[in-house]
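# Coordinate analysis (summary)
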Amino acid sequence: LYADGQFLFLRKNGDSHTMNIGDKIKLVRRHRGLTQQQLGILIDIKNGAANRIAQYETGYRTPKAEIVEKIAKVLNVREETFYLPFEGFGDSTQCFLLRIRLSCSHPAVKALLADWQIHRTAFENGRITSSDYLEWMLQWPPTLSAPDD
């Protein structure tokens, strides 16, 4: 659910909460069209694959770093996707981006932030779907290469 500038999950009782590592795994797994069983098998869980993934997604267990690495590889996202806080794109993020834009003169950083703004606006204006926007966010920012010597 995207509401008030954040991706939120609704609990069965209607309350919302921000995303934890399990929520992120679930979101990306579903976005990739995989079942818990399929993901578990792809990361080499031999017995009880679906159950183990369900435990990660519900927060009953926290996956170890090497499991997160495997999940990220299978789901084609960076590992940090699961560790970094996801605050959405509300006013606090807008202020953060503005501060970066004003304080950083590096062209690559400015280009990345401009790209982010373009996609965010396209999503908010309905020019791209939530699925397309999520895919873009999962792949953003692109890997930057080191400057030539």
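Figured I'd write up the structure that's included with this text.

### What about the packing of helix H1 (residues 21–31) against helix H4 (residues 65–75)?
Between H1 and H4, whose axes approach to 11 Å, the crossing angle comes to 25°. Here H1 is positioned roughly parallel relative to H4, judged by the angle of their axes. In the packing of H1 onto H4, the handedness of the crossing is left-handed. Listed contacts from H4 to Ile 21, Ile 25, Val 28 and Arg 29 of H1 are Val 68, Ile 71 and Leu 75. Looking at side-chain class alone, the contact of H1 with H4 contains six nonpolar, no polar and one charged residues.

### Concerning H1
Every buried residue of H1 is accounted for by Ile 21, Gly 22, Asp 23, Lys 24, Ile 25, Val 28 and Arg 29. One or two steps after H1, the chain reaches Gly 33, where phi turns positive at roughly 75°.

### Section: the packing of helix H7 (residues 107–124) against helix H8 (residues 130–139)
The N-to-C vectors of H7 and H8 enclose an angle of 165°; their axes lie 10 Å apart at closest approach. Comparing their axes, H8 and H7 come out roughly antiparallel. As for how H7 packs across H8, the hand of that crossing is left-handed. Side by side, H7 and H8 meet where Asp 115, Trp 116, His 119, Arg 120 and Phe 123 of the first sit next to Ser 130, Tyr 133 and Trp 136 of the second.

### Some details on the pattern of salt bridges
As enumerated under the stated definition, the model contains three salt bridges in all. The salt bridge involving Glu 57 is made with Arg 29; its shortest N-O contact spans 2.5 Å. Taken as a pair, Glu 57 in helix H3 (residues 49–58) and Arg 29 in helix H1 lie far apart in primary sequence, 28 residues in all. Note on Glu 57: relative accessible area 6%, which makes it buried. Salt-bridge contacts for Glu 124 lead to Arg 120; the nearest nitrogen and oxygen are separated by 3.1 Å. Pair noted here: Glu 124 and Arg 120 are both in helix H7, with a separation of four residues, about one helical turn. The exposure class of Glu 124 is partly exposed, given its relative accessible area of 41%.

Reading the values: the criteria
Residues numbered from 1 in each chain as written. Predicted model: local features only at pLDDT ≥ 70, side-chain atom pairs only at ≥ 80, totals over all residues. Heavy atoms only, no water. Axes fitted to C-alpha atoms, helices over the stretch in contact; angles between N-to-C directions. Helix = DSSP H or I, 4+ residues; strand = E, 2+ residues; numbered from the N terminus. Parallel < 35°, antiparallel > 145°, perpendicular 65-115°, else oblique. Left-handed = near helix turned anticlockwise from the far one by under 90°. Contact = heavy atoms within 4.5 Å. Nonpolar A, V, L, I, M, F, W, Y, C, P; charged D, E, K, R; others polar. Buried < 20%, exposed > 50% of the residue type's maximum accessible area, 1.4 Å probe, protein only. Salt bridge = Lys/Arg side-chain N within 4 Å of Asp/Glu carboxyl O.

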